[in-house]
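A closer look at the structure
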Amino acid sequence: MSGKPSPLGPDDITSDSPFTLPGFFDALGEGRLLGAACADCGETLVPPRPACSACGSRSVSVEEQPRTGRVVSYTAVHTPPPAFVEEAPYTVAIVELDSGARVTGRLEADYEDVAIDDPVELTVREPDEALRERSLSYETDWPLHVFEPR
């Protein structure tokens, strides 16, 4: 018997599973950044998904991910969705975590102060009242993830 996880089936994905966004954000609110590690190709998916986007395998398992990584791409958002107009311009980055997984998120830095390969760390914040008012009804208690320069 190999140590490879069995392919996920329908009973493995419940409403509070980390393979769902509510389950992922519940874990994030508890301080755990989770990803799905593919046993077949080694890809790590954040947030976790029940099937690997790289090879299609359903042999994935949930693993805690590091909160540190490096900027691989970034941009300034000058024309945001209407709910975020007051916050523009702001910086959004794609970060490669130390595990190799990539995550998109806000970066607490001015665009001019960011460079490719800058080290960053993920922080988790409770949503404030203003963010709750702009959130969809099922997102109001989801924590906000923000990258900060290290």
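Residues numbered from 1 in each chain as written. Predicted model: local features only at pLDDT ≥ 70, side-chain atom pairs only at ≥ 80, totals over all residues. Heavy atoms only, no water.

Comments concerning the pattern of salt bridges
If you walk through the whole model with that rule in mind, you get seven salt bridges. In this structure, a network of salt bridges that share partners links the residues E87, R106 and R134. (Salt bridge = Lys/Arg side-chain N within 4 Å of Asp/Glu carboxyl O.)

Here's the deal with the domain arrangement of the chain
Along its sequence, the chain is carved into domain 1 (10-64) and domain 2 (68-149). For domain 1 versus domain 2, the separation of C-alpha centres amounts to 21 Å. Contact with domain 1, which involves eight residues of that partner, is made by nine residues of domain 2. Interface of domain 1 and domain 2: buried area, both sides summed, is about 810 Å²; carbon and sulfur atoms make up 80% of it. It is F25, L28 and V46 that lose the most area in domain 1 upon contact with domain 2, and together they represent 56% of the buried surface on that side. Here domain 1 is connected to domain 2 by zero salt bridges. Taken together, domain 1 and domain 2 are joined by zero residue pairs in polar contact (both at pLDDT 80 or more). With five residues, the single largest contributor to the side of domain 1 that touches domain 2 is helix 1 (residues 21-29). For the side of domain 1 that touches domain 2, a count of residues per class yields six nonpolar, two polar and no charged. (Domains from an automatic or database assignment. Contact = heavy atoms within 4.5 Å. Buried area = accessible area lost by both parts, 1.4 Å probe. Polar contact = N/O pair within 3.5 Å; in protein donor to acceptor, adjacent residues only side chain to side chain. Helix = DSSP H or I, 4+ residues; strand = E, 2+ residues; numbered from the N terminus. Nonpolar A, V, L, I, M, F, W, Y, C, P; charged D, E, K, R; others polar.)

As for the sheet that holds strand 1 (residues 34-38)
The three strands lie next to each other as 2-1-3, forming an open sheet whose pairing is antiparallel. Both outer strands of the open sheet, strand 2 (44-45) and strand 3 (60-64), are each paired with one neighbouring strand and no more. As paired strands, strand 1 and strand 2 are joined by two bridges and run antiparallel to one another. Residue pairing across strands places A37 opposite T44, the latter belonging to strand 2. (Pairing = 2+ DSSP bridges.)

With respect to the side chain of S17
One can find S17 in the segment before helix 1. Judged by its relative accessible area of 5%, S17 falls in the buried class. Engagement of the side chain of S17 in a polar contact is seen with the backbone nitrogen of F19, the distance being 3.0 Å. Each residue touching S17, except ones within four places of it in the same chain, is listed here: D12, G23 and F24. (Buried < 20%, exposed > 50% of the residue type's maximum accessible area, 1.4 Å probe, protein only.)

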